[in-house]
Amino acid sequence: MSEILLVVDMQNGFMPEKCRHIIPTVINLIERFLEAGKLVGFTKFINTTDSNYVKLIHWSSLIYEPETSIIDELQPYIHNIFDKPYYSAFTENFSSFILINQISKIYLCGVETDSCIFKTAIDSFERGIEPVIIEDACFSAGGQQAHDAGIFLLKRNIGKKQIQMSNQILEKIS
């Protein structure tokens, strides 16, 4: 069984200044996972003009470039990229990748803790794949309160031990 570091939605349109502090931690994780021969993947949220994001919550961002592009700092590391039209990474393409590569554990980092990280972790848990949220490598554009709310709900729904810090993860893969 394999493990993957999944970098969730670190795109221009999701990375205001308040989220940028996680970039060095995410890069360190990517580099260490790759050095250890482990899989690394990226998700990219792409909204559409007829989505419920537009129709119900009047949010029309991340429809076009450059908002949908992965941030410049991560460009050198991109491979295994999965486009998604909703919160969860579990599209048909990503689900197939998980099956083919026999993924048993998904380490999650990126944005937004309270939506995309949350939904992907729950979907992973429900599919029998162990999710691990790397708390100091995640954040939310909604700020600290939104991030903390996501972490609180994840602890309740997938288990406190599934929320870890990057140093704990890096010790395990050394």
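Residues numbered from 1 in each chain as written. Predicted model: local features only at pLDDT ≥ 70, side-chain atom pairs only at ≥ 80, totals over all residues. Heavy atoms only, no water.

Another aspect to go through is the environment of Y107. Along the polypeptide, Y107 turns up in strand β4 (residues 103-111). Judged by its relative accessible area of 3%, Y107 falls in the buried class. When the C-alpha positions of Y107 and I169 are compared, they lie 8.8 Å apart, and in sequence the two are 62 residues distant. Every residue in contact with Y107, bar those within four places of it in the chain, is listed here: E3, I4, L5, L6, F33, V132, I134 and I169. (Helix = DSSP H or I, 4+ residues; strand = E, 2+ residues; numbered from the N terminus. Buried < 20%, exposed > 50% of the residue type's maximum accessible area, 1.4 Å probe, protein only. Contact = heavy atoms within 4.5 Å.)

So, on to the layout of surface pockets. Considered as a void within the structure, the largest pocket measures approximately 190 Å³ in volume. Looking at the largest pocket, the residues that line it are G13, F14, F45, Y53, I57, W59, Y87, E112, S115, C116 and A141. For the lining of the largest pocket, the secondary-structure elements that each account for two or more residues are α2 (52-57) and α4 (113-126). Within the lining of the largest pocket, the residues separate by chemical class into 8 nonpolar, 2 polar and 1 charged. (1 Å grid on protein atoms, 1.4 Å probe; cavity = no way out; pocket = protein on both sides within 12 Å on 5 of 7 lines; lining within 4 Å. Points joined across faces, edges and corners; volume = space filled by probe spheres on them. Nonpolar A, V, L, I, M, F, W, Y, C, P; charged D, E, K, R; others polar.)

So, on to helix α5 (residues 144-158). Here α5 contains 15 residues, and its C-alpha end-to-end distance of 21 Å stays within 8% of the 21 Å for a straight helix at 1.5 Å per residue. What α5 keeps buried is the set A146, H147, G150, I151, L154 and I158. Seen from one end, α5 has its buried residues packed into an arc of 135°, which puts them on one side. Residues Q145, F152 and R156 are exposed on α5 and point more than 90 degrees away from its buried face. Looking at the packing, one finds that the buried side of α5 touches α4, β5 (130-139) and β6 (163-164). Positive backbone phi, at 110°, marks G159, one or two positions downstream of α5. (Expected span 1.5 Å × (residues − 1). Arc of directions from axis to C-beta.)

Moving on to the packing of helix α1 (residues 23-35) against helix α6 (residues 166-173). Relative to each other, α1 and α6 sit at 10°, their axes nearing to 11 Å. Judged by the angle between their axes, α1 and α6 are roughly parallel. Across the interface between the two elements, T25, N28, L29, R32 and F33 from α1 touch S166, I169, L170 and I173 from α6. Partitioned by chemical class, the residues of the contact of α1 with α6 number 5 nonpolar, 3 polar and 1 charged. (Axes fitted to C-alpha atoms, helices over the stretch in contact; angles between N-to-C directions. Parallel < 35°, antiparallel > 145°, perpendicular 65-115°, else oblique.)

Interhelical geometry of α4 versus α5 gives an angle of 15° and a closest axis separation of 9 Å. Comparing their axes, α5 and α4 come out roughly parallel. The two elements α4 and α5 meet at a crossing, and its hand is right-handed. Every residue of α5 that contacts α4 at T113, D114, I117, F118, A121, I122 and F125 is listed here: A146, H147, G150, I151, L153, L154, N157 and I158. Tallied by class, the residues present in the contact of α4 with α5 amount to 10 nonpolar, 4 polar and 1 charged. (Left-handed = near helix turned anticlockwise from the far one by under 90°.)

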